[in-house]
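Notes for the structure review
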Amino acid sequence: MPILNRAAEMQDEVAGWRRHLHQTPELNFDVFKTAAFVTDKLKAFGCDDVVTGLGKTGVVGIIRGRLGEGTSIGLRADMDALPLNEITGKPYASTIPGKMHACGHDGHTAMLLGAAKYLAETRNFAGSVAVIFQPAEEGGGGGNEMVKDGMMERFGISKVFGMHNMPGLPVGQFAIKAGPIMAATAEFTITVKGRGGHAAMPHGTIDPIVITSQLVGALQTIASRSTDPVEAVVVSVTKFHAGDAYNVIPESAEIAGTVRTLKGEVARKAEQRVRAICEGVGAAFGATIEVDYNANYPVTFNHPEETVFASDVAADVAGEAHVHRAIQPVMGGEDFSYMLEARPGAFIFIGNGDTAGLHNPAYDFNDEVIPHGMSYWVKLAETALAA
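Notes on the structure in this doc start here. (Residues numbered from 1 in each chain as written. Predicted model: local features only at pLDDT ≥ 70, side-chain atom pairs only at ≥ 80, totals over all residues. Heavy atoms only, no water.)

**Describing the nonpolar core**
- Leu42, Val60, Phe133, Met151, Phe174, Met339 and Tyr376 are the most contacted members of the largest nonpolar core, which has 82 residues in total.
- The dominant element in this core, judged by the number of residues it contributes, is helix H3 (residues 105-122), at 9 residues.
- Judged by nonpolar contacts, the second largest core, of 23 residues, contains Ile206, Ile277, Cys278 and Tyr293. (Core = buried A, V, L, I, M, F, W, Y, C linked by side-chain atoms within 4.5 Å. Buried < 20%, exposed > 50% of the residue type's maximum accessible area, 1.4 Å probe, protein only. Helix = DSSP H or I, 4+ residues; strand = E, 2+ residues; numbered from the N terminus.)

Written as structure tokens, this is what we have:
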């Protein structure tokens, strides 16, 4: 099955939805206008049930097939934007300062809405499809909140599937792998407390800036000297705050950043090393070092059987040559991981073409992707729920 004719016909309509959402981005769980837009569309399509307020502001639409009873599968899209100022200059650019859809969640939502409209019209399957629109993927853990709200049990979801656009991958292509496909994430804040004083008399101080600078380099040894070279771990210090004057050595300094891993044991070892390095450096310099370490999203783990299934569906849509079945894992995090912990399923990437990268203020979702994404969702639902 190549691209659905109906999906191609709907491209302009769905792109219009996408651009509307792009102009009105919302953050985290505060996706009230977006959720209302999704809810109105699902009701207009004739979904059998539309449930709001799951995982705080999530929306689920239920579409029952006309070919009899069967199981239920979940198809998920994310709705939230990022706290960035858009620089695309597009006529449909964000109208809200400091907020933009820089990760393509507007496109994800629009494609799943398009698929929902098609599936509600045709209902060429047995059982039911749950179209899941999730808030707070960008750090809020909305996927976890929807799972904790009992979504899987409430709608009898037996398997769940997700999709994300990938800049650099050509439009019309898909990429996937079994096992870990995206990283577990953790965030740390490290506060170094020394003794401040005059910049001309450093010998009377315990300089937290010098100590913290040592920490920045020492933390990189977690990857280079504490972890098996064939394992994946990324430690990035992304914040460094200290001091307010040219001639004052401050009392304290603070750094913060993230740790990304693909295995639980590596994640645990990384945390141990962060704490041990801080303890050792603090003792060496006579400073007090406090570590606030928080594990966030778990590894996004694709189940083997469902990965093969999703890959085959993508090949039916795009052709085998355009499906990359064993890509390298991506070290970004993704809270679809919680849904994959609750039910078997798979997460796939769809090509966004030669565009700016994700989380970049010049990024824009490529509307040429829409028919490919819609066709994938429809084919997946109809195949998984064949009578």
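**Points about the sheet that holds strand S4 (residues 128-134)**
- Judged by pairing direction, the sheet is mixed, and its 8 strands sit side by side in the order S1-S2-S4-S3-S5-S16-S6-S15 without closing on themselves. Two strands lie at the open edges of the sheet, namely strand S1 (49-54) and strand S15 (323-324), each paired on one side alone.
- Taken together, the 6 bridges between strand S2 (residues 58-64) and S4 define a ladder with antiparallel strand orientation. Counterpart to Ile63 in the pairing with S4 is Val129. (Pairing = 2+ DSSP bridges.)

**Considering the side chain of His108**
- Secondary-structure assignment places His108 in helix H3.
- According to the relative accessible area criterion, His108 is buried, its value standing at 3%.
- Excluding residues within four positions of it along the chain, His108 makes contact with Ala77, Asp78, Cys103, Met163, His164 and Asn165. (Contact = heavy atoms within 4.5 Å.)

**Quick notes on the layout of surface pockets**
- One number sums up the size of the largest pocket: a volume of about 580 Å³.
- Every residue lining the largest pocket is counted, 25 residues in all, and those nearest its centre are Glu137, Glu138, Arg260, Gly333 and His359.
- Elements represented by at least two residues in the lining of the largest pocket include exactly strand S5 (157-166), strand S8 (184-193) and strand S12 (252-261).
- Looking at side-chain class alone, the lining of the largest pocket contains 11 nonpolar, 9 polar and 5 charged residues. (1 Å grid on protein atoms, 1.4 Å probe; cavity = no way out; pocket = protein on both sides within 12 Å on 5 of 7 lines; lining within 4 Å. Points joined across faces, edges and corners; volume = space filled by probe spheres on them. Nonpolar A, V, L, I, M, F, W, Y, C, P; charged D, E, K, R; others polar.)

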